[in-house]
Amino acid sequence: FEKNKSILISKENRHIEAPNWFKNEDYLILNSRGKLEKYSSNGENMGIINTQELEKCNNDHGISFDGSTLFFSSGKNEIKGHSSFIYKVPIEGGIPELITSLSPSYWHGVSPDGKDIVYCAERDGNYDVYKMNISQGKEIKLTSFSGLDDGPEYSNDGKYIYYNSYKSGKMKIWRMLADGSDKTQLTFDDFSDWFPHVSPNDKNILFISYINDQKQRHPFGRKVKLRLLNINTHKIKDLTPVFFGGQGTINVNSWNSEGTKFAYVIYFFENF
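Residues numbered from 1 in each chain as written. Predicted model: local features only at pLDDT ≥ 70, side-chain atom pairs only at ≥ 80, totals over all residues. Heavy atoms only, no water.

## Brief notes about the pairing of strand β19 (residues 222-230)
- As defined by bridge partners, strand β18 (residues 204-210) adjoins β19 across 7 bridges and the pair is classed as antiparallel. Residue pairing in the sheet places Tyr210 in a bridge with Val224 of β19.
- Where β19 lies against strand β21 (residues 243-245), 3 bridges are found, and the strand directions are antiparallel. Its bridge partner being in β21, Val224 is matched across the sheet by Phe243.
- The pairing of β19 with strand β20 (residues 236-238) spans 3 bridges and is classified as antiparallel. Residue pairing in the sheet places Leu228 in a bridge with Lys237 of β20.
- Here β19 folds back onto β20, and the loop between the two strands holds 5 residues, one of which, His234, carries a positive phi near 65°. (Pairing = 2+ DSSP bridges. Helix = DSSP H or I, 4+ residues; strand = E, 2+ residues; numbered from the N terminus.)

## A closer look at the layout of surface pockets
- Reported here for the second largest pocket is a volume of approximately 460 Å³.
- Taken together, 23 residues make up the lining of the second largest pocket; nearest its centre are Ile63, Ser64, Phe65, Asn156 and Asn253.
- Elements with a contribution of two residues or more to the lining of the second largest pocket: β1 (17-21), β5 (57-63), β9 (105-110) and β13 (149-154).
- Among the elements that take part in the lining of the second largest pocket, β9 stands out by supplying 4 residues, more than any other.
- Among the residues forming the lining of the second largest pocket, the class breakdown is 11 nonpolar, 10 polar and 2 charged. (1 Å grid on protein atoms, 1.4 Å probe; cavity = no way out; pocket = protein on both sides within 12 Å on 5 of 7 lines; lining within 4 Å. Points joined across faces, edges and corners; volume = space filled by probe spheres on them. Nonpolar A, V, L, I, M, F, W, Y, C, P; charged D, E, K, R; others polar.)

## A closer look at the sheet that holds strand β10 (residues 116-123)
- Pairing in this open sheet of 4 strands is antiparallel, and the strands run β9-β10-β11-β12 from one edge to the other. The strands lining the two open edges of the sheet, one partner per strand, are β9 and β12 (139-141). Across this sheet, the average inter-strand angle for adjacent strands is 35°, counted without regard to direction.
- Pairing of strand β11 (residues 126-133) with β12, which is carried by 3 bridges, proceeds in the antiparallel orientation. The residue bridging Tyr130 from the neighbouring strand is Lys141, located in β12. (Axes fitted to C-alpha atoms, helices over the stretch in contact; angles between N-to-C directions.)

## With respect to the environment of Ile29
- Assignment of secondary structure puts Ile29 in strand β2 (residues 27-32).
- Counting along the chain gives 33 residues from Ile29 to Gly62, while the straight-line C-alpha distance between them is 8.1 Å.

In structure tokens, the structure reads:
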């Protein structure tokens, strides 16, 4: 991103979403039509990841810090309409292990030691950020604002959780300590800011901004741009011009292991 140059690696005549960049940079993981797929960093389709009977995977998925585990959110086939539970599976695919018993739950982050996950979930009619120790299975509520809190993700040192919140009356990027204390707003301008992704060196945050205020929504098919926040100076710079995107562009962390590149999705429409 230092040169602010995007490289097109694949153009698909279908809807794809939310790339993750595997740590050794051999491939990306994304979702399409309810399944998780691999793509090489050169844009070659490497096939579908085995998630057994789960074929309602959504755009909330990601990889553990050690590269051994794939976390993902999916509905259950036996539930009519929308549902979303969180699962984990070996990175190469296999038999999924259910982590959350309640729906809707949307995975967004895992702690550096692999013990805890953070996620967005609706409980009692409100969406908040939750944390769970995977082995204990106990849900801990980290936010309690009456509006939407979403997109939680650990810093690489495990000290902080970054997220987006509507607490100020606009969707903005926030940070809290890993125990949920010391909540601090980080962005303040007129855009709607979503999905903070921390660079591997913990110096920058990549996030998506809607040009027009979307209130508490993050819809597909809007004018957006990607921006970079320097954590130390709080200065923000644009990484892309305005393009057609939103939901599906960069829902989950897609940095490469060196923090020099990231993957994202642009949607092309003739009348944009």
